[in-house]
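If you want the building blocks of each chain, they are given just below.
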Amino acid sequence: MSTKKSITSRSFWTIIIGGMLTGMGNGSVFGATLMCLLGRSGFGSWGGDGLTAYDPSTFTGFIDWAMIVFGFAFCAILVVGLNRHEKMESAAG
């Protein structure tokens, strides 16, 4: 007797790869929009090389963190969506 794994557990890598790629892509669009609207007005440094690329006080670091946060948010959205899909599927059949 075998138990069927949940859709979410079977889709682990799809959630991680698809969520991070989509989320980080949208985070980069957010960064480009921010750059067009504000420039570097609130940031003392552009950032960019080495660890300064992830320092949120620099413009590049802020955008990199925004991309990471968007990526995790999209992973969470995929998990919620797949769990709701599984509930609907199990209720139908």
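Residues numbered from 1 in each chain as written. Predicted model: local features only at pLDDT ≥ 70, side-chain atom pairs only at ≥ 80, totals over all residues. Heavy atoms only, no water.

**Q** Which residues make up the side chain of Thr58, and what values go with them?
**A** For Thr58, the position within the fold is in the loop between α2 (12-38) and α3 (59-92). At 3.1 Å, the side chain of Thr58 and the backbone oxygen of Thr52 are in polar contact. (Helix = DSSP H or I, 4+ residues; strand = E, 2+ residues; numbered from the N terminus. Polar contact = N/O pair within 3.5 Å; in protein donor to acceptor, adjacent residues only side chain to side chain.)

**Q** Please set out the packing of aromatic side chains residue by residue, giving values where relevant.
**A** Applying the stated rule across the entire model yields five aromatic pairs. Plain terms: the ring middles of Trp46 and Phe59 are 5.0 Å apart, the flat faces sit at 25° to each other, and that makes the pair stacked. Residue Trp46 is found in the loop between α2 and α3, and its partner Phe59 is found in helix α3; the two are separated by 13 residues along the sequence. When its relative accessible area of 38% is taken as the criterion, Trp46 is described as partly exposed. Since its relative accessible area comes to 4%, Phe59 is described here as buried. Chaining the aromatic ring pairs together yields one cluster made of Phe43, Trp46, Phe59 and Phe62. (Phe/Tyr/Trp six-rings, centres within 6.5 Å; stacked < 30°, edge-to-face > 60°. Buried < 20%, exposed > 50% of the residue type's maximum accessible area, 1.4 Å probe, protein only.)

**Q** Give me the packing of α2 against α3: which residues, what numbers.
**A** Running from N to C, α2 and α3 point in directions that differ by 140°, and their axes come no closer than 6 Å. Comparing their axes, α3 and α2 come out oblique. The interaxial crossing formed by α2 with α3 has right-handed handedness. The class makeup of the residues in the contact of α2 with α3 is 20 nonpolar, ten polar and no charged. (Axes fitted to C-alpha atoms, helices over the stretch in contact; angles between N-to-C directions. Parallel < 35°, antiparallel > 145°, perpendicular 65-115°, else oblique. Left-handed = near helix turned anticlockwise from the far one by under 90°. Nonpolar A, V, L, I, M, F, W, Y, C, P; charged D, E, K, R; others polar.)

**Q** Explain α2 to me, and be specific about the residues and the numbers.
**A** The end-to-end C-alpha distance of α2 is 37 Å, a good match for the 39 Å that 27 residues give at a rise of 1.5 Å each. Three or more residues of α2 are buried, namely Ile15, Gly19, Gly23, Gly27, Gly31 and Leu34. Looking at the buried side of α2, the elements it contacts are α1 (7-10) and α3. Looking one or two residues beyond α2, the residue adopting positive phi is Gly39, at roughly 70°. (Expected span 1.5 Å × (residues − 1). Contact = heavy atoms within 4.5 Å.)

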